[in-house]
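Residue-level listing of the chains:
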Amino acid sequence: MSEHFDVHGGARLVGEVDVVGAKNSVLKLMAAALLAEGTTTITNCPQILDVPLMADVLRSVGCEVEIEGDTARITTPAELSHRADSAAMGKLRASVCVLGPLVGRLKQAVVALPGGDAIGQRPLDMHQNGLRKLGATSTIEHGCVVAKAETLVGTQIWLDFPSVGATENILMAAVLAEGTTVIDNAAREPEIADICTMLTEMGAKIEGAGTSTLTVHGVDQLHPTEHRVIGDRIVGATWAFAAAMTRGDLTVRGVNPHHLDLVLDKLRLAGAEVTTFDDKGFRVVQPERPKAVDWVTLPYPGFATDLQPFAVALSAVSEGTSMITENVYEARFRFIEEMIRLSGDARTDGHHAVVRGVEKLSSAPVWASDIRAGAGLVLAGLCADGVTEVWDVFHIDRGYPHFVENLNRLGARIERVTGEPERA
């Protein structure tokens, strides 16, 4: 049976909320455990659906994975399978990040093409080209990426776009390559720096973490480690938008606010009062209806494409007209179709959307197309008349631990309901 959320409008969110480990980091850290024989321990893991899915992917190549609370223990054997083609691969975009570690350690990999959110094309060309630069062959055969190398040799690699996934796969292959690899135009996201930190703890030699140039000096082998996942900046920002949209007062802890500098500055422009607490968290107070501001998605340190649905939702209830420009994933604007169901006044033209704010949205049944769209629709439902039904909430469960419980504790009224939708 399907599940949906009944979201009652009119809530003002007030209180404190803790953010746990980053979804966009923990799955890649779990994959990095493939690079070293023995047991690697990862703490501060978010309790989301994607973590056990990644555990299934690792089990498919021979690992033992134990998940207990916020801790994952991954025991990697001396002899791994190079075939990662479990059913979980089709449900999880991040599963492709096992490609780099398998090629790095085994010099071969057969990795099923991944699934995940429907937000637009995310081809693997840069992943494959990076591996080819290191000396591997890489093709797509029978729905799998097939890569093989006699040896991997360090080289200079330029990425046409600072792709997070390509940076991660090339990095994790290069740590065990011969010689030195330089990755130029690398992604700069905090999650990349987190992976660099863990790999360094495992014995890798990496320079430039957090910059656009990563220099990797290959080593013969790595060893297991224990590593704590950084706080999830996307979840932290979700709560920041929730405070602004509901004219609330939220203190968010467990995330570095400097990872959200641009977001928090934009919310200040919208009229929010924002206070930061070193690298521990922040507070957002929205005393009155937010003012319209413009948003442009770009690779980090720009405004994250993952947060674009929240920018649209905030704009829909703001005073004035906002322009949102999407430069990363073309299908993110599918979210706007659902906002229009909620009486949002929005129009799209290519990479741009114009949103004219209304005083209050109107409840309706809506469908989540991905993790962030689902969470954005819940926040929009809090600003609507009546009860909004948000369907396909399994997407939300993939990225937000205890989302409903946290919202209800902060003043919302949301119920999880089992049953089939009556969709026209």
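Fair warning: this is a prediction, and the values are worked out from it, not measured in the lab. (Residues numbered from 1 in each chain as written. Predicted model: local features only at pLDDT ≥ 70, side-chain atom pairs only at ≥ 80, totals over all residues. Heavy atoms only, no water.)

Among the structural elements, Gly-143 can be located in the loop between β8 (137–141) and β9 (144–148). C-alpha of Gly-143 to C-alpha of Val-110: the two residues are 33 residues apart in sequence and 9.7 Å apart in space. Sequence-distant contacts of Gly-143, defined by excluding residues within four places in its chain, comprise Ala-112 and Leu-113. (Helix = DSSP H or I, 4+ residues; strand = E, 2+ residues; numbered from the N terminus. Contact = heavy atoms within 4.5 Å.)

This part takes up the packing of helix α7 (residues 233–245) against helix α11 (residues 371–382). In the contact formed by α7 and α11, the axes pass within 10 Å of each other and the chain directions differ by 20°. Compared by their axis directions, α7 and α11 come out roughly parallel. Crossing of α7 against α11: the hand is right-handed. Each of Ile-234, Val-235, Thr-238, Phe-241, Ala-242 and Met-245 in α7 lies in contact with α11, whose residues at this interface are Arg-372, Leu-379 and Ala-380. (Axes fitted to C-alpha atoms, helices over the stretch in contact; angles between N-to-C directions. Parallel < 35°, antiparallel > 145°, perpendicular 65-115°, else oblique. Left-handed = near helix turned anticlockwise from the far one by under 90°.)

Further remarks concern the nonpolar core. Core analysis: the biggest nonpolar cluster contains 77 residues, and Met-30, Met-54, Val-98, Leu-199 and Leu-222 have the highest contact counts within it. If near-sequence neighbours (up to four positions away) are discounted, Val-98 is found in contact with Ala-31, Leu-34, Met-54, Val-57, Leu-58, Ala-84, Val-111 and Asn-169. Judged by nonpolar contacts, the second largest core, of 72 residues, contains Ala-242, Val-252, Ala-313 and Leu-410. (Core = buried A, V, L, I, M, F, W, Y, C linked by side-chain atoms within 4.5 Å. Buried < 20%, exposed > 50% of the residue type's maximum accessible area, 1.4 Å probe, protein only.)

Turning next to the side chain of Gln-286. Tracing the backbone shows Gln-286 in the loop between β17 (281–285) and β18 (295–296). Look at Gln-286 and you get buried, because its relative accessible area is 1%. Here the side chain of Gln-286 touches Ala-270 through a polar contact of 3.4 Å, landing on its backbone oxygen. Within the structure, Gln-286 has its side chain in polar contact with the backbone oxygen of Glu-288 (distance 3.2 Å). Apart from the residues lying within four places of it in its own chain, the contact partners of Gln-286 are Ala-243, Ala-244, Arg-247, Gly-248, Ala-270, Gly-271 and Ala-272. (Polar contact = N/O pair within 3.5 Å; in protein donor to acceptor, adjacent residues only side chain to side chain.)

Looking now at the domain arrangement of the chain. When cut into domains, the chain gives domain 1 (2–19 + 231–419) and domain 2 (23–220). Centre-to-centre separation of domain 1 and domain 2, based on C-alpha positions: 30 Å. On the domain 2 side, the residues contacting the 25 residues of domain 1 number 21 residues. When domain 1 packs against domain 2, close to 2000 Å² is buried across both sides, 53% of that on carbon and sulfur atoms. Between the two partners, domain 1 and domain 2, sit two salt bridges. Between Asp-50 and Arg-398 there is a salt bridge whose closest N-O contact spans 2.9 Å. (Domains from an automatic or database assignment. Buried area = accessible area lost by both parts, 1.4 Å probe. Salt bridge = Lys/Arg side-chain N within 4 Å of Asp/Glu carboxyl O.)

For the rest of this paragraph, the subject is the confidence of the model for the chain. Confidence along the chain averages 94 in pLDDT terms, with 97% of residues attaining 70 or more. Counting interchain partners and residues more than four positions distant, the pLDDT-below-50 stretch residues 116–122 has 24 contacts. (pLDDT = per-residue confidence, 0-100.)

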